[in-house]
Amino acid sequence: MRYISTRGGAEPRTFCDILLEGLAPDGGLYLPEEYPHVTPEILGQWRTALAEQGYAALAYEVLRLFIDDVPAEDLREICARTYTAEAFGNEEIVSITDLGDDVVLEGLSHGPTLAFKDMAMQLLGALFEYELGRRGKELNVLGATSGDTGSAAEYAMRGRPGIRVFMLSPKGRMSDFQRAQMYTLDDANIHNIVIDGTFDDCQDLIKAVSADAAFKREAHIGSVNSINWARLVAQVVYYVAGYLRATASNDEEVSFAVPTGNFGNICAGHIARQMGLPIRHLLLATNENNVLEEFFRTGVYRPRSSQETVKTSSPSMDISKASNFERFVFDLVGRDPERILDLFAAKLVRLGQFDLSDDPDFPRCGEWYGFRAAASDHGDRLRSIREVWEDRGLLIDPHTADAVCAARRLQQPGERIVVLETAQPVKFAETIREALGQAPEVPEAYAHLAGLERHVVELPPDVDRLKAYIAGNIA
Ligand SMILES: *Cc1c(COP(=O)(O)O)cnc(C)c1O
C-alpha cells in the first residue's frame, strides 16, 4: 500500500515512512493510493474474529490492509498489547448500549484518559516505539492542547524508550479533571509546560519552533496531531466494530452519528464507508462552531478566525478550521490534486473560503458519500443529557450529546443509528451539573489524582525560552 499527497507533489510512500510525519512536503495530506475493498466474505471473517478473538484481533485484520511494511506477527502483537482490558477497562474495549428508537451508543471512552482519542493514540504510541526502535532513532513530540489530545498523547507515550513529550497547555483554561490527569504524570519522558497565554499562543509557539528547520531537525521534533494518518486508520477499526456489534448479519445497514471538530472522527467513517462497510449515512454533529455543518448545508467552506471561534460546553469541538477536511474534499473532487491546490492553496489563502455550491460535485456529499449534518447549541446539549439520563439512567458527556441531537434530528424512518460516544461525563462535570443539578461521580481509579504532586513548569509565550527548555531536557 502506497500513500500519496492530496496536493499531488510528493513521492508515494509506505505506511512507516509517513508514520512519523505530519503534512506531506507539498503541504498536502497523505491518503492511500486507493482504499482497500471489503467483500462480504471478509466482513464475515471479521465478524468471527471480533466474536471469537476480540477487538485486538479485529484491529489487526483491518490495519494489515493499510500497513504492509510491518511483519504480520509484529503487527498482531502490537494490536494485542494495545487493546487490552487493562488499558481500556473491559474485555470488549468498546461498549454498546441501547438508547431506544433504533439508536445505540458505541462507547469509545473507556481508555486511560476517558476520551475516544485513546483509541488511536494508544496504538500510535506502540507504533512509534516499534518504528523508532527499528530505525535506531528518537523523537521529541511537541504539541499543544486545550484538553483531550494532550492527556491522550501523554498516556500513550509515557515510559516509552526513544520518545519524549513536550506538551503546552494554556494557563487556567482546562478543567480541573484534565489538569489533574496530565500534570500528575511523573514519567521522566513527559514534560508539561503551562504557557501564560491562550491556546492560540501555544499553537503559535509550536509553529515558531517548527519554522526553525535546523532546530526541528537537531532536536528530532515531531507531532501527533489530528492529521496523522495512523490515527485515522486506528479509528476505522471502531466503525467496523460498531457495525458488527450493532448488526446480526452483513446485509444490514447502519448510520453513524459522529461528534467531530477537525473532521478526524468522521473522516475515519468516510474511509470505512469507501472500503465498503455497509454504512447508510454519516451524520455529522457540530456545536455552535459549525464550520463543517455549514459546508454540508451550503457548499461554502469558511474557516473562522480565533475571535469568531466561540467557547462552548463541548470544548473539544471548538475548532476554527477542520484540519482533516482536505482528505474528504480530495475524494469529492475526483482525487484531482489540481482542484485541491486551487481550493486549499489558492482560494482559501486568498479569499479565506471556497464555494462549491454550484459545483456538480457538491450534491455527491449526500448522494454518493452519505453525509448529512446538524449543529446543536448549549440548550440542545443540556436537553439531550437530561433526556438520556431520564429515559435510560445513563450519563453522557456534552460532545456525545451533540451527536445524540444530530441522530434525533436527522433519523429517517427505519434508520438504525450508532452514536459515537467520545468522552466520559466526569471530564466535563460543570455542564453535567448544569443539566442535572448534580455532578457526575469521579471513577474510583481517578479520585486519588487530585491529591498527587503536580509535575509542570510555567513559561512565558516566548519561543527562545521554549527552545532552551526543550534543548535542556533532551541532552
Ligand atoms: C477530539 C474530540 C472530538 C472531535 O474529534 P475530531 O477528531 O476533531 O473530529 C469529539 N469529542 C471529544 C470528546 C474529543 O476529545
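Each value, and the rule that gives it
- Residues numbered from 1 in each chain as written.
- Predicted model: local features only at pLDDT ≥ 70, side-chain atom pairs only at ≥ 80, totals over all residues.
- Heavy atoms only, no water.
- Helix = DSSP H or I, 4+ residues; strand = E, 2+ residues; numbered from the N terminus.
- Areas by Shrake-Rupley, 256 points an atom, 1.4 Å probe, with all protein chains shown as cover.
- Lys, Arg positive; Asp, Glu negative; His and termini not counted.
- Charge placed at Lys NZ, Arg CZ, Asp CG, Glu CD.
- Buried < 20%, exposed > 50% of the residue type's maximum accessible area, 1.4 Å probe, protein only.
- Pairing = 2+ DSSP bridges.
- Right-handed = clockwise from strand over helix to strand, strands pointing away.
- Core = buried A, V, L, I, M, F, W, Y, C linked by side-chain atoms within 4.5 Å.
- Contact = heavy atoms within 4.5 Å.
- UniProt positions renumbered as here; feature names shortened; annotations may be inferred.
- Salt bridge = Lys/Arg side-chain N within 4 Å of Asp/Glu carboxyl O.
- Near = heavy atom within 4 Å.
- Polar contact = N/O pair within 3.5 Å; in protein donor to acceptor, adjacent residues only side chain to side chain.
- Nonpolar A, V, L, I, M, F, W, Y, C, P; charged D, E, K, R; others polar.
- Patch = residues over 30% accessible without salt bridge, like charges linked within 9 Å, V, L, I, M, F, W, Y side chains within 5 Å.
- Axes fitted to C-alpha atoms, helices over the stretch in contact; angles between N-to-C directions.
- Parallel < 35°, antiparallel > 145°, perpendicular 65-115°, else oblique.
- Left-handed = near helix turned anticlockwise from the far one by under 90°.

1. Points about the overall build of the protein
Part 1 of the argument: A count of helices and strands for the protein gives 21 helices and 15 strands.
Part 2 of the argument: Carbon and sulfur atoms provide 47% of the accessible area of the protein, an area that totals close to 18,800 Å².
Part 3 of the argument: For the protein, the distance from the average position of its 48 positive side-chain charges to the average position of its 71 negative side-chain charges is 3 Å.

2. Structural notes on unusual backbone geometry
Part 1 of the argument: Located in the positive-phi region is D102, a residue other than glycine, with phi close to 65 degrees.
Part 2 of the argument: Examined against the element boundaries, D102 turns out to sit in the loop between β3 (95-100) and β4 (103-107).
Part 3 of the argument: When its relative accessible area of 37% is taken as the criterion, D102 is described as partly exposed.
Part 4 of the argument: Positive phi values are uncommon outside glycine, yet R335 reaches one of about 55 degrees.
Part 5 of the argument: For R335, a relative accessible area of 23% gives the class partly exposed.

3. Notes on the pairing of strand β6 (residues 163-170)
Part 1 of the argument: Extensive coverage of β6 is indicated by the burial of eight of its eight residues.
Part 2 of the argument: Neither face of β6 is exposed, since I163, V165, M167 and S169 on one face and R164, F166, L168 and P170 on the opposite face are all buried.
Part 3 of the argument: Examined bridge by bridge, strand β5 (residues 139-144) and β6 share six bridges and lie parallel to one another. Paired with L142 across the strands is F166, a residue of β6.
Part 4 of the argument: With helix α7 (residues 148-157) bridging β5 and the parallel β6, this β-α-β connection has right-handed handedness.

4. Looking at the nonpolar core
Part 1 of the argument: Formed by 116 residues in total, the largest nonpolar core has its most connected members in F128, Y239, F263 and F325.
Part 2 of the argument: Setting aside residues up to four positions removed in sequence, F325 forms contacts with N262, F263, L292, F295, F296, Y301, F344 and F354.
Part 3 of the argument: Core analysis: the next-biggest nonpolar cluster, separate from the first, contains 22 residues, A374, V388, A407 and I432 among them.

5. What to know about the environment of A345
Part 1 of the argument: Locating A345 in the fold gives a position in helix α15 (residues 337-351).
Part 2 of the argument: Assessed through its relative accessible area of 34%, A345 is described here as partly exposed.
Part 3 of the argument: Each C-alpha atom, one on A345 and one on R7, is 8.9 Å from the other, the two residues being 338 residues apart in sequence.
Part 4 of the argument: Residues in contact with A345, not counting those within four places in the same chain, are R7 and I340.

6. Side note on the UniProt feature "modified residue: N6-(pyridoxal phosphate)lysine" (unreviewed entry) in the protein
Part 1 of the argument: UniProt feature "modified residue: N6-(pyridoxal phosphate)lysine" (unreviewed entry): in the numbering of this structure it lies at K117.
Part 2 of the argument: Considering the arrangement of structural elements, one finds K117 in helix α6 (residues 117-135).
Part 3 of the argument: Residue K117 is classed as buried on the basis of its relative accessible area of 14%.
Part 4 of the argument: Setting aside its immediate chain neighbours within four residues, K117 contacts D148, T149, A152 and R231.

7. Re the pattern of salt bridges
Part 1 of the argument: If you walk through the whole model with that rule in mind, you get 30 salt bridges.
Part 2 of the argument: E129 is paired through a salt bridge with R160; the nearest N and O atoms lie 2.8 Å apart. One end of the pair, E129, is in helix α6; the other, R160, is in the loop between α7 and β6, and 31 residues separate them in sequence.
Part 3 of the argument: Judged by relative accessible area, which is 27%, E129 ranks as partly exposed.
Part 4 of the argument: Residue classification places R160 among the buried residues on the basis of a relative accessible area of 17%.
Part 5 of the argument: Each of D17, E131, R134 and R135 takes part in salt bridges that share partners, so that together they form one network.

8. Here's the deal with the site of the ligand
Part 1 of the argument: The environment of the ligand is made up of 15 residues, and the closest members are K117, D148, T260, N262 and T422.
Part 2 of the argument: Take N262: an N or O atom from its main chain is 2.7 Å from an oxygen atom of the ligand.
Part 3 of the argument: Separating a nitrogen atom of the ligand from a side-chain N or O atom of T422 is a distance of 2.9 Å.
Part 4 of the argument: When the free accessible area of the ligand is taken as 380 Å², the share hidden by the protein chains comes to 97%.
Part 5 of the argument: By residue class, the composition of the shell around the ligand is five nonpolar, eight polar and two charged.

9. Quick look at a negative patch on the surface
Part 1 of the argument: Together, D98, D101, E387, E390 and D391 make up a negatively charged patch on the protein surface.
Part 2 of the argument: The element contributing the most residues to the negative patch is helix α17 (residues 378-392), with three residues.
Part 3 of the argument: Mapped onto the secondary structure, D98 falls in strand β3.
Part 4 of the argument: On the basis of relative accessible area, D98 is assigned to the partly exposed category, the value being 47%.

10. Points about the packing of helix α3 (residues 55-63) against helix α4 (residues 72-82)
Part 1 of the argument: One way to put it is that α3 packs onto α4 with a least axis distance of 8 Å and a crossing angle of 140 degrees. On the basis of their axis angle, the class for α3 and α4 is oblique. Crossing geometry of α3 relative to α4 is assigned as right-handed. From α3, A56, A59, Y60 and L63 reach across to α4, where they touch A72, L75, R76, C79 and A80.
Part 2 of the argument: A class-by-class count of the residues in the contact of α3 with α4 yields eight nonpolar, no polar and one charged.

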